[in-house]
Amino acid sequence: MLVRLLFVLLAFSCTPAFAGQVPVRPVDDEDIQIQAFLQAVETAISAMDQARWLELLSSSADRAEAVEFFSAMVPQGITRAVVKQRDRAPLAGTLPGEGYRLVAEVFIETGARGRIATWRLDIRRPRGDDLGPQPWRIVAEDRLASVEGLHRLALQPELQFAARNLSLQSVDFEIRLPAGDVFVVDTPEGTTALVLLGDGMISFQPAPKQERGQLKLFAGTETLETPFTSAFVRLNPFEFEQSVKASMLEKVVFDPRAYRRAQAVFDEENGKSFSLDLSDLSRETWSLLPSPGDFVAEIRTRRFDTLTYARSSGEPEDVSLFQRSRKRNISAYASPQKLQSRGRFYDEDDLSDYDVLDYNVDAVFQPDREWFDGFTKLKIRVKSYAMGVLTLKLADSLNVSSITSDELGRLLFLKVRNQNSIVVNLPSVVARDYVLTINIAYAGRLEHQRIQDESIAAGGGKPSGLPDAGGGKPLGLPMDAGNPEGLPPPEGLPPPEGLPSEQRSAQPDETPFIPAEPKWLFSNRNYWHPQGQVTDYATASVRITVPEAYAVVGSGATVDGSPRLVPSMTPGVPNRVAYTFRAAQPVRYLGVLISRFVHVDSATVALDVFPAPARRQLELLPPSEPSESLKQQIEKVAAAAAVPAVGGRNTILLNIDANRRQESKARDAMGTAAEIVRLYAGLLNDAPYESLTLAMVEDEVPGGHAPGYFAMINNPPPVTAFSWRNDPATFQNFPEFFIAHELAHQWFGQAVGWKNYHEQWLSEGFAQYFAALYARERRGEPVFRDILRQFRKWTLDTSDQGPVSLGYRLGHIKNDSRVFRALVYNKGAGVLHMLRRLVGDEAFFKGLRRFYAENRYKKAGTDDFRQAMEAESGRDLSRFFERWIYDSTLPRVRFSSVVEGQELVVRFEQIGDVFDLPVTVTITYTDGKIAEHVVLATETITEAHLPLTGTVRSVDVNQDGAALAVLDRK
């Protein structure tokens, strides 16, 4: 089982670099002797010489077992063998330097096939009669794991075919070569690759409407038909005969010139999918065979450069199209087969074999070198029925020195190059619900996270939203992509990016430049500590040690005694300070912010929240024994989780930290932040975390970022070269907007997460709307309506770019990050306001509270939100969400009105699809009085009779901008 699991995992990986070596230290005589011993092992394997192997045994070794081991591990026909030490530890029961337990990687080639095995060799120095030329002898041996089925691919020499109307098909895709040259790559299992040369055509016709829309943005049409000059195709060998009929290929006389062209295509494309770089074991490229159903085509087109089509059956969105030269994700969606097995909605947590329960991170950071020395302990619970390997995320630039388990001892691991991933190999398969504690030591230079990285420009790298299966890139996906993870931007306001130059106003050249105070943000974009493959709710302890001149803000409440001075023991080296945080309530991910902070203020903010009734709380708890009383059930679960019930916390500690030049602004922000927190907690009847720090830092571009327990706000330095206008996230008459938006993420985005990138509007749209609610509270109805009008303006301007559900992919093809903010932020917020007007204030806020309470410290989807709103409103809201979230069209409405006696009869006629559309009708009387009525236009034709109280001067529609629609007056 272990071998099978490891093979499956690596089948989804690209370019792993093996890790696990002991830390670098000076080479001594003992090192040389052990290296000579391993060379002797390598020689015995290479020669397939059992006698040489037996000469390496200790007299106390079990020779029968050794013979059986060698026979099983060393096949006939070996052409090359490599043995590399990966770990060395003292052997139990021996004196220092007398015995070791070695962990070694053994790579064996048999022609064009390869195998990697992990061996454990217990060795000790020979004694007495055991003395001989070899200073070390084998006491015992074992195989820990192995990977079979590696292939060194090559074009078949002097074998050439002519295409005869060759056609290869996958989901919504076809590649056609009427005539041309074809070269193949064979394996013992069958043909796995083809190189096509000639004038061919590809056809891509994505079935989902939203994907056709994205394709139109890219190519100008909803279906792609474009010629190609060459292509490289990978498929499962057992599916080759099903895909390629005998009549499509005709063997012809070998043409060396055509072969050289094909070889050039093969050399460039072969390493981009299903391939492994074995680092010091082999310099050659080794490949795995595609799984059944997987298909990859690298197509060189005349118009679009190289396009990559991939069918990756292990992914929740298994169909993708990618443009390599510009790193553009064009399409990513689920095939009909995947939808049938997965359902319409999916949770990224289901992609992980384990659940992280708790993090304990202890790191030293040196700002001058941007250097981390860290140690992280993870407590995880196995979710799959059997797990032999697990994958963790960690930045490529951080080198791991050791991984151990409290339960299983020292663990072997593979560091997956260019993937920010580590594959950890367990010595034995563990069953579901098994709890492991993993300890990881690591160090290296790590660049800080910029909020510029959170815009959609950072989303390019692979088809959007596809988490890496098994710690590597999904099958067939590009290796040279800009962002290997392809993750959506996290919660917060990324700065305006990609703006035309006329939208920036630069100061005169003589303006003095004052650089921003340096800061280092480490959060969920740069994998600064070992973590799960996807964001995962867990409790955490974080200790960060920095030079005395710096301070740290982090995810968690500050622990008593923090910060603590760490005196330097080296002359000339400054003292350090350790900051410790504890997140007793689960957080989706951990963040820390390091800068030269001053602590500005702290206050305990009283909240208008009330504990929910016990019966309501019980609905949110896991099933309990029927014999337990209601009180016992609630107390048991609350005690076990150590999480206060919804409404169980009526105060929150609010801290304000700032760079020195931002101290005055930060002091002014205390009252604003307290008002915001009080408003949000009152609306949702809860404060998810016991403390919250607002960190005011400097940056030339506005924006913010909000992990659990703190929010970072960018403020311009005293003199900045740029001002930003005409952006969806900028509201000139609401200067508190950034703070209001970031603080809202403590509730939506953090306390309630989102299941996958399609659901990110549940974070950003909600934060945007709650910021607008605070604007209404702080600055009145006129400012609120100005914000609503801006929501509508950006919605109308950009909705043709795709539906809200496309998340961070919006604007990606055109490299315009404003589209993402316009639709996920602003349209999402506008949809919430229309929903509120559709169901009424009481049902809306009760629905919000239900949704929040049912999903606190969990990930949610639009379907969860819809169900909560339907439960409180008693309305079927399927069409509402289908139109506004999953579709990109907007309602077009003709409006007319006529006075009939003491009534105003208004008529709304929807052209095309029918939406649930609340619209404000404003009646102005001749005496200057104004009356507003909200009409629910939910049919093709909606008429409403509005009472009049005087003589009508004018009738206006949608003056408040609340209806995201195009309205025409008859």
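Residues numbered from 1 in each chain as written. Predicted model: local features only at pLDDT ≥ 70, side-chain atom pairs only at ≥ 80, totals over all residues. Heavy atoms only, no water.

1. Overview of the overall build of the protein
- Scanning the protein for helices and strands turns up 18 helices and 49 strands.
- When burial is assessed residue by residue, the protein has 60% of its 970 residues classed as buried.
- Pairs at least 24 residues apart make up 75% of the contacts formed inside the protein by residues separated by at least 6 positions.
- Of the roughly 37300 Å² that the protein leaves accessible, carbon and sulfur atoms contribute 50%. (Helix = DSSP H or I, 4+ residues; strand = E, 2+ residues; numbered from the N terminus. Buried < 20%, exposed > 50% of the residue type's maximum accessible area, 1.4 Å probe, protein only. Contact = heavy atoms within 4.5 Å. Areas by Shrake-Rupley, 256 points an atom, 1.4 Å probe, with all protein chains shown as cover.)

2. Quick notes on the nonpolar core
- The biggest cluster of nonpolar side chains holds 179 residues, and the ones touching the most others in it are Tyr680, Phe865 and Phe908.
- The contacts of Phe865, once residues within four sequence positions are left out, are Trp761, Leu762, Phe766, Leu832, Leu835, Leu848, Phe851 and Phe881.
- Counting residues in each nonpolar core, the second largest holds 39 residues, with Ile202, Leu215, Leu224 and Val244 among its members. (Core = buried A, V, L, I, M, F, W, Y, C linked by side-chain atoms within 4.5 Å.)

3. Quick notes on the sheet that holds strand β34 (residues 592-595)
- Reading across the sheet, the three strands line up as β28-β34-β30 and stay open at both edges, with antiparallel pairing between neighbours. Of all strands in the sheet, those bounded by a partner on one side alone are β28 (519-522) and β30 (551-554). Within this sheet the neighbouring strands show an average axis-to-axis angle of 15°, counted without direction. (Pairing = 2+ DSSP bridges. Axes fitted to C-alpha atoms, helices over the stretch in contact; angles between N-to-C directions.)

4. Looking at the sheet that holds strand β49 (residues 966-969)
- The strand order β47-β44-β43-β49 describes an open sheet built from four strands, whose pairing is mixed. Pairing within the sheet leaves two strands with one partner each, and these edge strands are β47 (941-947) and β49. Averaged over neighbouring strand pairs, the angle between their axes works out to 25° when direction is ignored.
- Where strand β43 (residues 892-900) meets β49, four bridges bridge the pair, whose relative direction is parallel.

5. Some words on the pattern of salt bridges
- Per the counting criterion, the structure on display carries 60 salt bridges.
- One salt bridge connects Lys272 with Glu269, and the closest N-O pair in it is separated by 3.3 Å. With respect to burial, Lys272 and Glu269 carry one shared label: buried.
- Where Arg776 meets Glu781, a salt bridge forms, and the shortest distance between an N and an O atom there is 2.7 Å.
- Residue classification places Glu781 among the partly exposed residues on the basis of a relative accessible area of 28%.
- Among the charged side chains, a network of salt bridges with common partners joins Arg80, Glu109, Arg152 and Glu284. (Salt bridge = Lys/Arg side-chain N within 4 Å of Asp/Glu carboxyl O.)

6. Brief notes about the pairing of β47
- By the alternation rule, side chains of β47 split into Thr942, Ala944 and Leu946, which are all buried, and Ile941, Glu943, His945 and Pro947, of which none is buried.
- With seven bridges joining them, strand β44 (residues 903-911) and β47 adopt antiparallel strand pairing. Bridging across to β47, Glu909 finds its partner in Ile941.

7. Remarks on the environment of Ala771
- One can find Ala771 in helix α13 (residues 761-779).
- Taking the relative accessible area as the measure of exposure, Ala771 reaches 0% and is therefore buried.
- Distance from Ala771 to Tyr680, taken between C-alpha atoms, is 9.4 Å for residues 91 residues apart in sequence.

8. Considerations on the confidence of the model for the protein
- Confidence in the prediction for the protein averages 86 pLDDT; 86% of positions are at 70 or higher.
- For the stretch residues 1-25, pLDDT sits under 50, and the model shows 98 contacts to residues farther than four places along the chain or on other chains.
- Counting contacts from residues 633-641, a segment whose pLDDT is below 50, to residues more than four positions away or on other chains yields 14 contacts. (pLDDT = per-residue confidence, 0-100.)

9. As for the environment of Gly114
- Among the secondary structure elements, Gly114 is positioned in strand β4 (residues 113-124).
- Looking at Gly114, the relative accessible area reads 9%, which means it is buried.
- Residues Gly114 and Thr79, 35 residues apart in the sequence, show an inter-C-alpha distance of 9.9 Å.
- Every residue in contact with Gly114, bar those within four places of it in the chain, is listed here: Phe107, Ile108, Glu109, Val147, Glu148, Gly149, Leu150 and Trp286.

10. Regarding unusual backbone geometry
- Looking along the chain, the bond that leaves Ser562 and enters Pro563 is cis, with omega of 0°.
- Inspection of the secondary structure puts Pro563 in the loop between β31 (557-558) and β32 (564-566).
- Residue Asn165 is not a glycine yet carries a positive backbone phi of 55°.
- For Asn165, the position within the fold is in the loop between β6 (160-163) and β7 (166-170).
- Of the residues examined, Asn165 reaches a relative accessible area of 59% and is grouped as exposed.
- Despite not being glycine, Tyr857 shows a phi value in the positive range, around 60°.
- Among the structural elements, Tyr857 can be located in the loop between α16 (841-855) and β42 (858-860).
- Judged by its relative accessible area of 10%, Tyr857 falls in the buried class.

11. Quick notes on helix α14 (residues 781-798)
- Compared with the 26 Å implied by 1.5 Å per residue over 18 residues, the 26 Å span of α14 between its first and last C-alpha is a close match.
- Buried residues of α14: Val783, Phe784, Arg785, Ile787, Leu788, Gln790, Phe791, Trp794, Thr795 and Thr798, and no others.
- Here the buried face of α14 lies against α13, α15 (817-839) and β46 (930-937). (Expected span 1.5 Å × (residues − 1).)

12. Section: the packing of aromatic side chains
- In total, this model carries 48 aromatic pairs according to the counting rule given.
- Relative to Phe770, the ring of Tyr680 has its centre 5.4 Å away and its plane inclined at 75°; by these criteria the two rings are edge-to-face. Taken together, the positions of Tyr680 in helix α11 (residues 663-684) and Phe770 in helix α13 put the pair 90 residues apart, joining distant regions of the chain.
- Accessibility expressed as a relative area gives 0% for Tyr680, which makes it buried.
- Arg369 extends its terminal NZ or CZ atom over the ring of Trp371, reaching a point 4.7 Å from the ring centre.
- In this arrangement the basic side chain of Lys393 is found over the ring face of Tyr527, its NZ or CZ atom lying 5.4 Å from the centre. (Phe/Tyr/Trp six-rings, centres within 6.5 Å; stacked < 30°, edge-to-face > 60°. Lys NZ or Arg CZ within 6 Å of the ring centre and 35° of its normal.)

13. Focus on α13
- Taking 1.5 Å of rise per residue, 19 residues should cover 27 Å, and α13 covers 25 Å from first to last C-alpha, within 8% of that figure.
- When you tally the buried positions in α13, you get 15 out of 19 residues, the bulk of the element.

14. Thoughts on the side chain of Ser523
- Tracing the backbone through its elements, the reader meets Ser523 in the loop between β28 and β29 (538-547).
- A polar side-chain atom of Ser523 sits 2.8 Å from a polar atom in the side chain of His705.
- Ignoring sequence-local partners within four residues, the contact set of Ser523 consists of Gln449, Trp528, Tyr589, Leu590, Gly591, His705 and Pro707. (Polar contact = N/O pair within 3.5 Å; in protein donor to acceptor, adjacent residues only side chain to side chain.)

15. Topic: the environment of Pro336
- Checked against the element boundaries, Pro336 lands in helix α8 (residues 336-342).
- Taking the relative accessible area as the measure of exposure, Pro336 reaches 53% and is therefore exposed.

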